Amino acid sequence: MHLDLSELSQLAPIFRELFKGYHVSRRDPELYAQLSNFQDQYRTLFKALGFELVCDTRGFYYFVPDLAAAAVNKTAQRLALFTFILVEHLADQGRDPVAVLDGGSLGRDELPSLLEKYRDLFIQAEVQTVEELEEKIMRRMTQLGFAGEENGIYRFLPPMHRFLDVCLSVQQDRDLAASLHSVLPLPAPVLIDEDSDEKLLQTDDPLDLTEFEEESEEDAIARAIAEEQETDA
C-alpha cells in the first residue's frame, strides 16, 4: 500500500497518545475521525514501526498492550482489579454493572465507602487511602481514555469494555464451574447405630481419602469456586 503521509495530518498526536497507552474514542473527535478515515494507512504504518493498532467495533482505538509503554502494565493491573471490585459493588447495590460501565457514571463521593468495603483488595494494588485511589486509579483512567471526570462525576467511556469483557468472562467461568460442581452425585449421609461408641456420620459410599490427597489443581480451583458461590448465596 502506498502511504501518503500528507493525508495523515494527526500522525504525531495520535502516535503520542496511543504509545502512552491512551485509548482514542469519539470523545477525541479530531483524532478519532483521522483514525476512522485512514484506518488502513495508520495500521500499515504503525505495523512497520513495530506497533499493532487495534480498532474495537464499539468505537475506540489502542495499541496492543505488550507493545505499549512498559509502565502501563502495572496500571492495567490496578484498573482491572478496580473494574472487578466495581462490578461486584454495583451488583450488591442492585445496579446493573454493564449499564454503569457502558456510559454510566460514578460519583467521587462513592469512593470512600468503596475503599472501606474492599480495603483488603485495594491494599494488593498499593492503594490505602482515598487520595491514592483517586491518584493511582481514577486519574489514570481519565488519562488513558477509559473515563472522563467533571464536577466530581466520573463517566465511563467505551474503552471500559476491555476490562468489562474480562470481568464478564471470568464470571461466566465461575458460574459454569459452580454449575458443574452442583450436579456431581454426592453420597447420602446416614447415621450409624446409636449404640456405637463413635457416633460419627457415614455414607453409603465411604470416602476414599487418597482421592483428596491426589486432587488436581484444576479440581481444587473448581471446588473452591463452588464453595465461594455457595457462601455468597
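In this report, we go over the structure that sits alongside the text. In this text the structure is predicted, and so the values were computed from the model without any measurement. (Residues numbered from 1 in each chain as written. Predicted model: local features only at pLDDT ≥ 70, side-chain atom pairs only at ≥ 80, totals over all residues. Heavy atoms only, no water.)

### Section: the overall build of the protein
Heads up, the rule is: The helix and strand labels rest on DSSP assignments: H or I over at least four residues marks a helix, E over at least two residues marks a strand, and numbering proceeds from the N terminus. To sort residues, take the accessible area from a 1.4 Å probe on protein chains only and compare it with the maximum for the residue type: under 20% means buried, over 50% means exposed, and anything in between is partly exposed. Should any heavy atoms of two residues lie within 4.5 Å, those residues are considered in contact. Per-residue and other accessible areas were derived by the Shrake-Rupley procedure at a 1.4 Å probe size, with only the shown protein chains allowed to occlude residues.
For the protein, the helix and strand inventory stands at 11 helices and 8 strands. Counting all 233 residues of the protein, 35% fall into the buried class. Sequence separation of 24 or more characterises 60% of the internal contacts of the protein that already satisfy a separation of 6 or more. Carbon and sulfur atoms form 52% of the exposed surface of the protein, whose accessible area is close to 14400 Å².

### Some thoughts on the side chain of Thr83
Within the secondary structure, Thr83 sits in helix α4 (residues 72-92). Under the relative-accessibility criterion, Thr83 is labelled buried at 1%. Contacts of Thr83, omitting those with residues within four sequence positions, involve Leu101, Met160, Phe163, Leu164 and Cys167.

### So, helix α2 (residues 29-37)
Defined as follows: What the arc describes is the spread of directions from the helix axis to the C-beta atoms.
Within the span of α2, buried status applies to Leu31, Tyr32, Gln34 and Leu35. One face of α2 carries all of its buried residues, which in axial projection span an arc of 160°. Facing away from the buried side of α2, by more than 90 degrees, are the exposed residues Pro29, Glu30 and Asn37. Of the surrounding secondary structure, the elements contacted by the buried residues of α2 are α1 (11-19), β1 (24-25), α3 (39-48), β2 (53-56) and β3 (60-63).

### Examining the packing of aromatic side chains
Note the following rule: Each Phe, Tyr or Trp ring (for Trp, its six-membered ring) is paired with any other whose centre lies within 6.5 Å, and the angle between the two planes then decides the class: stacked below 30 degrees, edge-to-face above 60, tilted in between. Two conditions define a charge located above a ring, namely a distance within 6 Å from the ring centre to NZ of Lys or CZ of Arg, and an angle within 35 degrees of the ring normal.
Enumeration according to the criterion identifies 11 aromatic pairs in this entry. With centroids separated by 6.0 Å and ring planes inclined at 25°, the aromatic side chains of Phe60 and Tyr62 adopt a geometry described as stacked. Accessibility expressed as a relative area gives 0% for Phe60, which makes it buried. Since its relative accessible area comes to 12%, Tyr62 is described here as buried. Counting every residue linked through ring pairs, the aromatic cluster contains Phe15, Phe19, Tyr42, Phe46, Phe51 and Phe63. Note that Arg162 overlies the ring of Tyr62, its terminal NZ or CZ placed 3.9 Å from the centroid.

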